[in-house]
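# Examination of the molecular architecture
Listed below are the residues making up each chain.
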Amino acid sequence: MGSGRNRRGRREHRIAKRVPPGAPPGTLVADPEAPKPVIRVMAYRAGEHLERAIGDAEEIRGVLAEWPVTWVNVDGLGDAAVVAKIGEILGLHRLALEDVLNTRQRAKVDTYGDAGQNPHLYIVTREVLLNEELLTDQISMFLGRNYVVTFQERAGDCLDPVRERIRHSDRFRGFGADWLAYAILDAVVDGYFPVMEQVGERLQTLEDEVVMFCDERSLRRIHDMKRDLLTLRRAIWPERDAINQLLRDANPLITDATRLYMRDCYDHVVQLLDMVETYRELGADLMDVYLSSVSNRLNSVMKVLTIIATLFMPLSFIAGVWGMNFNTAKSPWNMPELNWYFGYPMALGVMLLVTVVMLLYFRRAGWIGGGRRAAAGSGLHVASGEGGPARGGATGAPGGR
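It should be emphasised that the depicted structure is a prediction, and the values quoted were computed from it without experimental measurement.

## Brief notes about the environment of Val 189
Counting through the fold element by element, Val 189 comes out in helix α7 (residues 177-190). C-alpha separation for the pair Val 189 and Cys 158, spaced 31 residues apart in sequence, amounts to 9.6 Å. With sequence-adjacent residues up to four places away left out, Val 189 is seen in contact with Glu 239, Ile 243, Cys 265, His 268, Val 269 and Leu 272.

## Details of a nonpolar patch on the surface
Taken together, the side chains of Leu 298, Val 301, Met 302, Val 304, Leu 305, Ile 308 and Phe 312 define a hydrophobic patch exposed on the protein surface, amounting to about 660 Å² of accessible area. A residue is classified by how much of its surface remains accessible, and Val 301, at 45% relative accessible area, is partly exposed.

## A word on the environment of Asp 215
Here Asp 215 lies in the loop between α8 (192-212) and α9 (216-248). Sequence spacing of Asp 215 and Tyr 290 is 75 residues, and the spatial spacing of their C-alpha atoms is 8.7 Å.

## A look at the confidence of the model for the protein
Mean pLDDT over the protein stands at 82; residues scoring 70 or higher make up 87%. Within the protein, no element has a lower average pLDDT than helix α1 (residues 2-12), which sits at 40, and none a higher one than strand β7 (residues 147-152), at 96. Across residues 374-401, confidence stays below pLDDT 50; counting only partners more than four residues off in sequence or on other chains, it has eight contacts.

## Focus on the pattern of salt bridges
Summed over the entire model, instances satisfying the criterion amount to 18 salt bridges. A salt bridge links Arg 61 to Glu 58; the shortest N-O distance between them is 2.8 Å. Assessed through its relative accessible area of 38%, Arg 61 is described here as partly exposed. Glu 58 gets classed as partly exposed once you look at its relative accessible area, which sits at 30%. Ionic pairing is found between Arg 167 and Glu 164, a salt bridge with its closest N-O pair at 2.5 Å. Here Arg 167 pairs with Glu 164, and both are found in helix α5 (residues 160-168), just three residues apart, close to one helical turn. The exposure class assigned to Arg 167 is partly exposed, which follows from its relative accessible area of 25%.

## Here's the deal with the sheet that holds strand β6 (residues 134-143)
Here seven strands make up an open sheet; going across it, the order is β2-β1-β3-β7-β6-β5-β4 and the pairing mixed. Pairing within the sheet leaves two strands with one partner each, and these edge strands are β2 (48-54) and β4 (108-112). Each strand of the sheet is rotated relative to its neighbour by a mean of 15°, with strand direction disregarded. When strand β3 (residues 69-75) meets β7, the two strands line up parallel, connected through six bridges. By the bridge assignment, Asn 73 is partnered in β7 with Thr 150. Where α8 meets the sheet, its contacts fall on β5 (120-130) and β6, and the angle it forms with β5 comes to roughly 30°.

## Examining the nonpolar core
Trp 71, Val 148, Val 162, Leu 180, Val 199 and Leu 232 are the most contacted members of the largest nonpolar core, which totals 62 residues. Sequence-distant contacts of Trp 71, that is, excluding residues within four places in its chain, are made with Arg 40, Val 41, Met 42, Val 148, Thr 150, Leu 159, Val 162, Arg 163, Ile 166, Leu 180 and Ile 184. In this structure, Leu 64, Leu 77, Ala 80 and Phe 142 belong to the second largest nonpolar core, which totals 31 residues.

Procedures and definitions
- Residues numbered from 1 in each chain as written.
- Predicted model: local features only at pLDDT ≥ 70, side-chain atom pairs only at ≥ 80, totals over all residues.
- Heavy atoms only, no water.
- Helix = DSSP H or I, 4+ residues; strand = E, 2+ residues; numbered from the N terminus.
- Contact = heavy atoms within 4.5 Å.
- Patch = residues over 30% accessible without salt bridge, like charges linked within 9 Å, V, L, I, M, F, W, Y side chains within 5 Å.
- Areas by Shrake-Rupley, 256 points an atom, 1.4 Å probe, with all protein chains shown as cover.
- Salt bridge = Lys/Arg side-chain N within 4 Å of Asp/Glu carboxyl O.
- Buried < 20%, exposed > 50% of the residue type's maximum accessible area, 1.4 Å probe, protein only.
- pLDDT = per-residue confidence, 0-100.
- Pairing = 2+ DSSP bridges.
- Axes fitted to C-alpha atoms, helices over the stretch in contact; angles between N-to-C directions.
- Core = buried A, V, L, I, M, F, W, Y, C linked by side-chain atoms within 4.5 Å.

See the structure below:
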């Protein structure tokens, strides 16, 4: 995940290709590194549908004239001329087309035209993908009376279920373009749930890793996870506002029946926001757990070093006393042990005895191993639980998160 993270970091912080400063509004500038556009058309009416790829945007005119509902999907934004041509055919506003090519837009809804001047909605939503790294791609959608146009950054999306419904569902083909726009939005929103499940599983795995064993890699993974959650939050919060705007503002392009189903889509976004906020709190708690684990490991190391230093303090004192080497010929009080036959073994024996006594005292105090105080503490804890319901048991208290 680390290598993918480095690639993702370079990609997200790369300066987007934008309109030169001072250029007139509606200037279209494509990113030369973006894939070239691939256009596919799906059109349908009750009982039948059309699906094919087209090489020239002019072919869209004929499809629009023949079919009551047309979906034009463009994968790749590397050619501004193709985007401009589609906008010219459908009468799309140049400001919206400029936002199509600037793929750093927040989710939003813009209204263009009126009842007599080619009314259309410009809707921006963001699709999320999670493999080794988390990515969000912009999907720009135009809704007109009898068409939906979607522009995507690259091929591959979460809209295959919508395509399958067009191919096989007569009920779906009986609705208008507004229902198709709703189905696309719903598919994008539903695509967040599997990603959120994967994020939850990664959080659980990371929590177990931090509790059992933590190092600098764990810290880096925590920061990566927090960044992913922030990316999800930035994508989902504007999504809620955009869908709420579709629900709140009356628009002739969206029927009341479709608006009713939009409410369900709005509820899903609210659920996603709750999940994101919960995961962000867990991510923040993981940092506290990491710091606590590091502190506990440091305390354990310092405890061992302190015990070792404490053991050597009396040994150093004994060795220092017997190492003063006062001359016994001058006075019988000057270190008579220096002349003893077993003086050296006696000194080593005293040192060993002192060490054993100190180790027994440390164990009895509970500083190493078990010890009476540690056992007494655990016994007191068990006793406090006797006579009452267990935690998370009959009282109905939650046993976990």
